Amino acid sequence: MNTRNKIKVLYIDDEQNNLVGFKATFRFDYNIFIATDTAQAYAHLKSNPDISVILCDQRMPETTGARFFEEMRQQYPEPVRMLITGYSDIESVIDAVNNGHIYRYIKKPWTDADIRSAIEEGNKYYTTNSMLAARNKELQSAYDELGKFTYSVTHDLRGPLLSVIGAIDLAKTMEDLPEIKELLVMMDDAVKKLDEFIRNTHEYYNLKRGKLVPEDIDFNKIIADATAIFTISGRMDNTRFTSEVFQDEKFVSDEVSIKIILNNLFSNAFKFQKKNGADKFVDVKINVRDGKATIVVSDNGIGIHESHIGNIFTMFYRATSEEPGSGFGLYNVKDAIERLNGNINVQSALNEGTIFTIVIPGMKDGAK
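What counts and how
- Once a new chain begins, its residue numbering starts again from 1 and follows that chain's sequence as written.
- Selection of residues for local features in this predicted model requires a pLDDT of at least 70, selection of side-chain atom pairs for listing and counting requires 80 or more, and totals for whole chains, interfaces and linings are taken over all residues.
- Side-chain calculation: all heavy atoms of the structure are included, whereas hydrogens and water are not.
- Counting from the N terminus, the helices are DSSP H or I runs at least four residues long and the strands are E runs at least two residues long.
- Accessible area is worked out with a 1.4 Å probe on protein chains only. A residue is then buried under 20% of its type maximum, exposed over 50%, and partly exposed in between.
- All accessibility values rest on the Shrake-Rupley procedure with a 1.4 Å probe; residue burial counts only the protein chains present in the view.
- For helices, the fitted axis covers only the stretch in contact; all axes are lines through C-alpha atoms, and the angles between them, taken along N-to-C directions, range from 0 to 180 degrees.
- Relative orientations are named as follows: roughly parallel for angles under 35 degrees, roughly antiparallel for angles over 145 degrees, roughly perpendicular for angles from 65 to 115 degrees, and oblique for any other angle.
- Each helix crossing is assigned a hand: it is left-handed if the near helix lies turned anticlockwise from the far helix by less than a right angle, otherwise right-handed if that turn is clockwise.
- Any two residues whose heavy atoms approach within 4.5 Å at even a single point are treated as in contact.
- Residues are grouped as follows: Ala, Val, Leu, Ile, Met, Phe, Trp, Tyr, Cys and Pro are nonpolar; Asp, Glu, Lys and Arg are charged; every other residue, Gly included, is polar.
- Summarising the geometry, the arc corresponds to the directions from the helix axis toward the C-beta atoms.

Undergrad: Would you explain the overall build of the chain in this entry?
TA: Scanning the chain for helices and strands turns up 10 helices and 12 strands. Each of the 368 residues in the chain was classed as buried or not, and the buried ones make up 40%. Accessible area for the chain stands at about 20900 Å²; split by element, carbon and sulfur atoms hold 52% of it.

Structure representation (structure tokens):
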């Protein structure tokens, strides 16, 4: 068996002969580490955090095995602890069980079969606990995300609805047409915010639950579709939308994920323009070469403060309060890029603009 795949075992005993004999007996079956004192033991644990089983003699000059286990489990709780002791040390065994949380104790004199059985059982226990700890961590992360999601849904769905209800109540008592039109504009803004949140939520669940579907990607067509949508938004806000696509080779990827990335970046670029800025623009350049697609989306909008850049891809995070947002869009962008094994880089300066650079490797036909 390769040494890297062997169970790692640490044996601590102040008797050098015992250590040498132990290592000679079990070195072919396990990856053995030996220590004559606790200092050496801690050094091994620091260098080999994947040690799964620790055996320690109860009687040592500087301390006892029970006390050592009690102290070390605070820093290294994962390894399975086993105490080697004689019949006369039964009180020590009780202390080790109560305070050191040992997995089992081995009576002197032990046999090779006793040790092998103990190590194998201990490693199974260690492996099971490690898997359980990993699953618990994943579950806790899911619970945390669910909690944030629930809060955001309550807040971001209820807020626009209350705005519309309030505007309707006011409109019932109004007869002045300009005032009613002003209320309609407010209602329109609230409904658009609600629609954006629903769209982003739908995209989020498509990404989380959906499988990637490899297909030929025509970036010219995708950009043409986006241009038809966002050019109108640009005209309303005096923002130019320009694009360049260089694609002379076949590129396979998941079209839904590509569209989620581009649509969210375009939407943000238009949304966070300066209100009274001159010569406002949103620009996209796509270059497909050597099996990779490089996408650069730039604008001269309000930009992002450097203190926020590290957090903009976090779910529900809002880097500015100048425009309403769900805090979902860039999270979905990042998630989609990671699913495509790509990467994204952000350059931004406050009141100067932002540049997103995305590199996505192509997929093989039929890849999942």
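Undergrad: Looking at this structure, how should I read the packing of helix H2 (residues 38-47) against helix H3 (residues 65-75)?
TA: Relative orientation and spacing of two packed helices are given, respectively, by the angle between their axes and the distance between those axes. Following both chains from N to C, one finds H2 and H3 inclined at 25°, their axes separated by 12 Å at the closest point. Classified by the interaxial angle, the pair formed by H2 and H3 is roughly parallel. The handedness of the crossing between H2 and H3 is right-handed. Taken together, the residues of H3 that come into contact with H2 (itself represented by Thr 38, Ala 41, Tyr 42 and Leu 45) are Phe 68, Glu 71, Met 72 and Gln 75. Grouping the amino acids of the contact of H2 with H3 by side-chain chemistry returns five nonpolar, two polar and one charged.

Undergrad: How should I be thinking about helix H1 (residues 16-26) in this particular structure?
TA: Because each turn of an α-helix spans 3.6 residues, side chains separated by three or four positions end up pointing in the same direction. Buried within H1 we find Leu 19, Phe 22 and Phe 26. The buried residues of H1 all sit within an arc of 65° when viewed along its axis, so they share a single face.

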